[in-house]
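Structural description and commentary
Residues per chain, in single letters:
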There are 2 protein chains.
Amino acid sequence: MAIRTALTEAFGLEYPIVSAPMGWVSGGRLAAAVSNAGGLGLVAGAYGDPVWLQPQLELVQAEAKRPWGVGLITWAAPPASLELALHYRPAADFLSFGDPGKYAQLIKAVGCTLICQVQEVESARQAVAAGADIVVAQGSEAGGHAGVRATLPLVPAVVDAVAPVPVLAAGGIADGRGLAAALMLGAQGALLGTRFYAAAESLGHEQARGRLVAASAGDTVRSHVFDIVRDFYPWPEPYVARALHNRFVDRWHGREPELQGALTEETPAYWRARDEGDVDVAAVFAGECVDLIRAVEPAAELVRQIGGEAEALLRGGPELLA
Amino acid sequence: MAIRTALTEAFGLEYPIVSAPMGWVSGGRLAAAVSNAGGLGLVAGAYGDPVWLQPQLELVQAEAKRPWGVGLITWAAPPASLELALHYRPAADFLSFGDPGKYAQLIKAVGCTLICQVQEVESARQAVAAGADIVVAQGSEAGGHAGVRATLPLVPAVVDAVAPVPVLAAGGIADGRGLAAALMLGAQGALLGTRFYAAAESLGHEQARGRLVAASAGDTVRSHVFDIVRDFYPWPEPYVARALHNRFVDRWHGREPELQGALTEETPAYWRARDEGDVDVAAVFAGECVDLIRAVEPAAELVRQIGGEAEALLRGGPELLA
C-alpha cells in the first residue's frame, strides 16, 4: 500500500514525504535514504558553497536509486551553485527565501521540476507566476528560517490561491498525524525538516541530534543572533530562524547590537564551536514539532513509519462518520 | 450523516464543532444557533460582567434546544460570574487563561463538563490534574488572546500528553479542511472563533464583521495595545491578543509606554469607538484563518458547511491510498 497524490505521481513516490534541504545537515546520504525509501530526498545546497555541495551531490548520485532533488536559498546561492546542482540532474530543484524568478527559467529549461517554498499567500501567487511547478507553504513553527504565518491556516489559503498547482505543507510536521492533516488541508504532501535532522543519516552533529530528541517546543526560540554571528549571512526581512535555546542565544538574544560589536571574537568562536559539536554555542535549528521526536532513527524507517501512520489514518477516515 | 468523536458522543452533537466564547461577540443567540445546528455553542462569560452575561444566558436558555456552554477567562472572572453561569445549567463550562484549579470543583460538583483551554503541553497536564474533562489546545494563530505555540504541532503533543482525555484543536481553523485536519492530528473536534465572529448571529459590530470578510492573515498583528487601553484588563504574560491592523494599533504598537501615559484621553475614546463600531480604533480580534472567511453567514449554515466538508474529506480518505 502507499499514498497517492499529485506529488507522488510526479516523482513516482510511495509516500508524499519530502525531506527538507537543511544546510550542513541534509547531505547526499540522507537524501538518498529518503528517496530510496519512497519519499523525495533533498540535498542542501543552502548558501551555495560548492566545496560542501559537490561531494554531497556525488554521494546522492551514487546512492539514490530513485528521484532526488536539491535545495538552495534563493537570495544567497550564486548562479554557479545552481549550475553545479543542475549538472547532477536532480529531479527537482527547491528554492526558498527570495524571488524564484531569477532561477526559474534555468531550472525548467533542463526539465527539472521547480519547487518553490513560500511563507505568505501573495508569495505563492508570485512563485506560480515565475513558473513554480509545486509550491511549499511553510509555517512559522518550522525549524530554521521561516516567515510569520502558521502552517494550519496558511496551507488551505495557499491551496485556494494557486489551484490547481500542487501545494505541500511545511512547518510543524513530524509524524503521520501531521502528514494526514496536511492532506486534509488540501496539500499534496509534506516537507519535514526537524524530523529528518534527527535521522541516523543526517549530518547534524550527534550532540545536536541528542538535543532534538530531548527538547520540547518551549525550548525553541526565534532569533537573529545566529545569523548575526555567522557574519556573512545577511538574511533579509522577514525571515527569522527558530533554534533551540542554548547558552549562546540566551546570552545574546535581545542584545543584538552588542553582539554586532563583538563579532571579532564571537564569529571565529562560533565556527569553532560548530565544528566541535559544541551545541551550547552552535545553533541547533529546530521546529516546534520537536515535541514529537523521541529517538534518532534511520531515514528509511521514518519514511515508512510516517507514511504508514498517515495511510492508516486516511483509511480510517470513514470510521469517524456516524 | 454526521461525524462521531468523543466530543459528539459527550454532548450528542452532529458535528465536533464548538463556537468559541468571544467577549461581547458570542451572545446567547449565536450559541443557541450553533447548538441547534448540531455543534456546541459557548456563550462568552469573558471577564465575568454579570450585566452583559445574564441577559445572554436568558437568551441561550430560551432559544437552545440542545446542550450549550459558557466560557470564562480564568484569571479575570470572579466567583460570582461562575455561580451566575452555573445557575443556568450549561452542559459545559469552558475556562481559559489561568489555573483552572480555582473553579474546577465548583463546576464539576453540579455535573457540568469542564473544558479547559491551554496554550502549552505542560498546562494541558495541569488542567487534567485539576479535573478537566476535555482539553482545548489553542495555537497562536488564533484571534484574540493566545499563547505562542502553533496549532499543528501543539495538538498531537497535547493529545499524547493527556491521553485518553479528549482534546480539541483551536486556532487557525475556519472550514471543513481545518476540522478534518484537526481530527487527523488526534483531536476529537475543533473550536472556531473568528469564523463565528463573522456569523449572522454574532454580536460583533457590522463594521467589524465586514473587516473580517475583507481581511487577510497579513492584516493581523499580535499586540498588547488593546489590553493597555482597556485599562482594567491587566492580562498576565504570556498571553497576547491578535487583532486586525487599524489606525489605533498602527499608532500605538511599539509605543506602549506612551500609550500608558495617555490613558486619561485614550481609554474613554476607545470605549466610545467600540460602542459606535468605529473599527479604525476599536479592536477587531481575528485569527490568521481570516484568509478563509469570505462572507458573513448564518451560524447554522456554517456548522453544516464546515461539518459537511469535513465529512466528505474523511469519507474520501481511502481514495488517497494506492
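Residues numbered from 1 in each chain as written. Chains lettered and ligands numbered in written order. Predicted model: local features only at pLDDT ≥ 70, side-chain atom pairs only at ≥ 80, totals over all residues. Heavy atoms only, no water.

What about the overall build of chain A?
Helix and strand content of chain A: 15 helices and 11 strands. Its C-alpha atoms give chain A a radius of gyration of 18 Å, within 12% of the compact-globule value 20 Å for 322 residues. Projected onto the principal axes, the alpha-carbon positions of chain A cover approximately 60 × 45 × 40 Å. Pairs at least 24 residues apart make up 64% of the contacts formed inside chain A by residues separated by at least 6 positions. Summing over all exposed atoms, chain A offers an accessible surface of approximately 11,200 Å²; the carbon and sulfur share of this is 52%. Mean positive and mean negative side-chain charge positions of chain A (24 and 36 charges, respectively) differ by 3 Å. (Helix = DSSP H or I, 4+ residues; strand = E, 2+ residues; numbered from the N terminus. Rg over C-alpha atoms; globule rule 2.2 N^0.38 Å. Contact = heavy atoms within 4.5 Å. Areas by Shrake-Rupley, 256 points an atom, 1.4 Å probe, with all protein chains shown as cover. Lys, Arg positive; Asp, Glu negative; His and termini not counted. Charge placed at Lys NZ, Arg CZ, Asp CG, Glu CD.)

Thoughts on the packing of aromatic side chains
Tallying each qualifying case throughout the model produces 32 aromatic pairs over all chains. Arranged with centres 6.2 Å apart and planes meeting at 80°, the rings of Phe226(B) and Phe285(B) form a pair that is edge-to-face. Of this pair, Phe226(B) sits in helix H11 (residues 225-229) while Phe285(B) sits in the loop between helix H14 (263-276) and helix H15 (299-316), and the two are 59 residues apart along the sequence. Classification of Phe226(B) as buried rests on a relative accessible area of 2%. One Lys or Arg, Arg274(A), reaches over the ring of Trp24(A) and ends 4.8 Å from the middle of that ring. (Phe/Tyr/Trp six-rings, centres within 6.5 Å; stacked < 30°, edge-to-face > 60°. Buried < 20%, exposed > 50% of the residue type's maximum accessible area, 1.4 Å probe, protein only. Lys NZ or Arg CZ within 6 Å of the ring centre and 35° of its normal.)

A look at the environment of Pro79(B)
Residues and elements named next belong to chain B. Position of Pro79 relative to the elements: it lies in helix H4 (residues 79-87). You can call Pro79 partly exposed: its relative accessible area is 43%. In sequence terms Pro79 and Ala64 are 15 residues apart; their C-alpha atoms lie 25 Å from each other.

Some remarks on the interface of chain B and chain A
With 45 residues of chain B at the interface, the matching set in chain A holds 44 residues. Carbon and sulfur atoms supply 65% of the area that chain B and chain A bury against each other, a total of about 3,700 Å² over both sides. Along the contact surface separating chain B from chain A lie six salt bridges. Where Asp160(B) meets Arg177(A), a salt bridge forms, and the shortest distance between an N and an O atom there is 2.9 Å. Where chain B packs against chain A, one counts 14 residue pairs in polar contact (both at pLDDT 80 or more). (Buried area = accessible area lost by both parts, 1.4 Å probe. Salt bridge = Lys/Arg side-chain N within 4 Å of Asp/Glu carboxyl O. Polar contact = N/O pair within 3.5 Å; in protein donor to acceptor, adjacent residues only side chain to side chain.)

A short note on helix H10 (residues 206-214) of chain B
Residue and element names in this part refer to chain B. For H10, the complete set of buried residues consists of Ala208, Arg209 and Leu212. The buried residues of H10 occupy an angular sector of 95° when projected down its axis, which confines them to one face. What points out from H10, more than 90 degrees from its buried face, is the exposed set Glu206 and Ala214. (Arc of directions from axis to C-beta.)

With respect to the sheet that holds strand S5 (residues 113-118) of chain A
All names here are of chain A. Around the barrel, eight strands lie side by side as S1-S2-S3-S4-S5-S6-S8-S9; this closed barrel has parallel pairing. Across this sheet, the average inter-strand angle for adjacent strands is 25°, counted without regard to direction. With five bridges joining them, strand S2 (residues 40-46) and strand S3 (residues 68-73) adopt parallel strand pairing. By the bridge assignment, Ala44 is partnered in S3 with Gly71. Taken strand by strand, helix H5 (residues 101-109) contacts strand S4 (92-96) and S5, and its axis lies near 150° from that of S5. (Pairing = 2+ DSSP bridges. Axes fitted to C-alpha atoms, helices over the stretch in contact; angles between N-to-C directions.)

A word on the confidence of the model for chain A
Considering every residue of chain A, the mean pLDDT works out to 97; 100% of them sit at 70 or more. Both confidence scores are given for the complex: pTM 0.98, ipTM 0.97. (pLDDT = per-residue confidence, 0-100.)

Regarding the relation of the copies chain B and chain A
With an axial shift of 0.0 Å and an RMSD of 0.0 Å, the rotation relating chain B to chain A amounts to 180°. What we have between these two chains is a two-fold relation. Considering only C-alpha atoms, the part of chain B nearest the rotation axis is Ala181(B), at 2.0 Å. Mapped onto chain A, 98% of the interface residues of chain B are again interface residues, and the two copies thus contact each other with one and the same surface. (Least-squares fit on C-alpha atoms with pLDDT ≥ 70 in both.)

What about the sheet that holds strand S11 (residues 240-244) of chain A?
Residue and element names in this part refer to chain A. Read from one edge to the other, the open sheet built from three strands follows the order S7-S11-S10, with strand pairing classed as antiparallel. A single partner strand is all that each edge strand has here, and the edge strands are strand S7 (144-146) and strand S10 (220-223). Ignoring which end each strand starts from, the neighbouring axes of this sheet average 30° apart. In terms of strand pairing, S7 meets S11 through three bridges, oriented antiparallel.

Notes on the pattern of salt bridges
Inspection of every chain in the model, using the stated rule, returns 34 salt bridges over all chains. Between Arg230(A) and Asp227(A) there is a salt bridge whose closest N-O contact spans 3.1 Å. The burial state of Arg230(A) is the same as that of Asp227(A); both residues are buried. Residue Glu122(B) is joined to Arg125(B) by a salt bridge in which the shortest nitrogen-to-oxygen separation is 2.8 Å. Pair noted here: Glu122(B) and Arg125(B) are both in helix H6 (residues 121-130), with a separation of three residues, about one helical turn. Classification of Glu122(B) by relative accessible area gives partly exposed; the value is 42%. For Arg125(B), a relative accessible area of 41% gives the class partly exposed.

Considerations on the side chain of Ser35(A)
Residues and elements named next belong to chain A. If you trace the backbone, Ser35 turns up in helix H2 (residues 28-36). Within the structure, the side chain of Ser35 is placed 2.9 Å from the backbone nitrogen of Gly41, a separation counted as a polar contact. The residues touching Ser35, leaving out its near neighbours within four places in the chain, are Leu40, Gly41, Arg66, Pro67 and Trp68.

Description of the packing of helix H3 (residues 50-63) of chain A against helix H4 (residues 79-87) of chain A
Residues and elements named next belong to chain A. Two numbers describe how H3 lies on H4: the axes approach to 10 Å, and their chain directions differ by 10°. Between H3 and H4, the angle is such that the two are roughly parallel. Of the residues in H4, those in contact with Pro50, Leu53, Gln54 and Leu57 of H3 are Ser81, Leu84 and Ala85. Grouping the constituent residues of the contact of H3 with H4 by class yields five nonpolar, two polar and no charged. (Parallel < 35°, antiparallel > 145°, perpendicular 65-115°, else oblique. Nonpolar A, V, L, I, M, F, W, Y, C, P; charged D, E, K, R; others polar.)

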